[in-house]
Every structure is written in structure tokens, then in C-alpha cells.
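# Report on the structure
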Amino acid sequence: ERSGSVRGKLRDGWWLECTCKFRDQMSNRIGRPIRASDRVLKGHEGWVYSVEWSHCGDFVVSGSSDDTARVWRVSSGSEVLVLRGHTSWVTSACFSRDDQIIATASYDGTARLWNRESGAQIHVLSGHGGRIVDSISFSPD
């Protein structure tokens, strides 16, 4: 049995921790260190490769080896959206500056843009020559 974790991503005193056990359900934790208010975000069925806060601080997006990205509401720990469309691991996910668009990158060689409110896929960016796309970000301006 394998397990892995990612810790960090501080924002206003909050932290994120991603943990996963091989062949077990993955969980993300959001909380303040050593507090009862910690939240466990369960939903992914694989390793989590990316976790990012929205700029407003209300949401978190995570990307996983289960070929999905998921959006979580920080206040309740609830899963808001499951972004499906990639055919391989989602290696990176992030929010646009206004938090209205989510960008994802994948081992399937594509990057995709999604509407944050509806989860609708806006655009598929292909043309990477079949290569893995392992990172994505928006320009600050």
C-alpha cells in the first residue's frame, strides 16, 4: 500500500494538505493547524497532483490521477463541481484572476478551460504534439 501527501498553500492562516492511499479514496484537508474546524474533502479516486485556492478564497480546485478536477467550497468543505473531459491524469489546475474560469492541464496532452459556475468546458487547447502538459497558469494581468 502506497500513500502520498502534499502540504502547504497557506492563505490567511489556512493550509491545505492532500493525502492519498493507493487503491483507497483520496482526501484533501482544509483547516487551520491543530483546530477542530479542519475539513476533509473526499471525492477523488486517485492521487492528487494539484491544489489551488481561488483568489477570493471561497473555493479550492484540485486535479487528480482519476482524470478529473474538482472544485470545493471552503466554508462547507462540499464538492461544488467535478470537471470531466480529460482522458488522463489532471496534473495542474488554477483559477483565473476573476475566479470565473478554471484552467486544467493533463497527461492527455491538452489544457482545458472551464466555466467555474456551471462546470461547462469552454475550450480545449491541444497541439502539444501528444506530449504531457504538466503545468498551467494565468497571466497576472
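Scoring rules and cut-offs
- Within each chain, residues carry numbers counting from 1 in the order of the written sequence.
- Reporting of local features is limited, given that this is a predicted model, to residues whose pLDDT is at least 70; pairs of side-chain atoms are given and counted only at 80 or more, and all residues count toward the totals for whole chains, interfaces and linings.
- Only hydrogens and water are removed before side-chain values are computed, so all heavy atoms of the structure are retained for them.
- For two strands to count as paired, DSSP must find a minimum of two bridges between them.
- Secondary structure counts use DSSP, requiring at least four H or I residues in a row for a helix and at least two E residues in a row for a strand, with both numbered from the N terminus.
- Here an angle of 0 to 180 degrees is reported between the N-to-C directions of two axes, which are lines fitted to C-alpha atoms, with helices fitted over the stretch in contact.
- In this analysis a 1.4 Å probe is tested at points of a 1 Å grid over the protein atoms alone, and where it fits but cannot get out there is a cavity; an open set with protein on both sides within 12 Å along at least five of seven lines is a pocket; lining residues have an atom within 4 Å of a point.
- Grid points are joined across faces, edges and corners, and a volume is the space filled by probe spheres set on the points.
- The aromatic pairing rule takes the rings of Phe, Tyr and Trp, using the six-membered ring of Trp, and pairs them if the centres are within 6.5 Å, calling planes under 30 degrees apart stacked, those over 60 edge-to-face and the rest tilted.
- Summary of the burial criterion: residues with accessible area below 20% of their type's maximum are buried, those above 50% are exposed, and those between are partly exposed, where the area comes from a 1.4 Å probe applied to protein chains only.
- We call two residues in contact whenever any of their non-hydrogen atoms come within 4.5 Å of each other.

### Some remarks on the sheet that holds strand β11 (residues 111–115)
With antiparallel pairing, the four strands of this open sheet are ordered in space as β9-β10-β11-β12. Lying at the two open borders of the sheet, with one neighbouring strand each, are β9 (90–95) and β12 (121–125). Strand-to-strand twist across the sheet, computed as the mean angle between neighbouring axes with direction ignored, equals 15 degrees.

### Remarks on the layout of surface pockets
The space that makes up the largest pocket amounts to roughly 180 Å³. Glu52, Trp53, His55, Cys94 and Phe95 are, among the twelve residues lining the largest pocket, the residues nearest its centre. Sorting the residues of the lining of the largest pocket by element identifies β5 (48–53) and β9 as the ones contributing at least two each.

### So, the packing of aromatic side chains
A full pass over the atoms with the stated rule returns two aromatic pairs. An angle of 15 degrees between the planes, with centres 5.3 Å apart, marks the rings of Tyr49 and Trp89 as stacked. Taken as a pair, Tyr49 in strand β5 and Trp89 in the loop between β8 (79–84) and β9 lie far apart in primary sequence, 40 residues in all. Assessed through its relative accessible area of 38%, Tyr49 is described here as partly exposed. Ring geometry for Trp89 against Tyr107: centres 5.2 Å apart, planes inclined by 25 degrees, an arrangement best described as stacked. Of this pair, Trp89 sits in the loop between β8 and β9 while Tyr107 sits in the loop between β10 (101–106) and β11, and the two are 18 residues apart along the sequence. Residue class for Trp89 comes out partly exposed when judged on its relative accessible area of 31%. The rings of Tyr49, Trp89 and Tyr107 are connected pair by pair, giving a single aromatic cluster.

### A few points about the environment of Gly119
With respect to the helices, strands and loops of the structure, Gly119 is situated in the loop between β11 and β12. Taking the C-alpha atoms as reference points, Gly119 and Arg70, 49 residues apart in sequence, are found 9.6 Å from one another. With near-sequence residues (within four places) excluded, Gly119 lies in contact with Leu81, Leu83 and Trp114.

### Things to note about the pairing of β10
Burial analysis of β10 places five of its six residues in the buried class, which makes it a mostly covered element. Pairing between β9 and β10: five bridges, direction antiparallel. Residue pairing in the sheet places Cys94 in a bridge with Ala103 of β10.

### Considering the sheet that holds β5
The four strands are arranged β5-β6-β7-β8 in an open sheet whose pairing can be described as antiparallel. Looking at strand neighbours, the two that pair on one side only are β5 and β8, the edges of this open sheet. For this sheet, the mean inter-axis angle between neighbouring strands, taken without regard to orientation, is 15 degrees. Two strands pair when backbone bridges link them, and strand β6 (residues 59–64) and strand β7 (residues 68–73) are joined in this way by five bridges, in the antiparallel orientation. Note that in β7 the partner of Val61 across the bridge is Val71.

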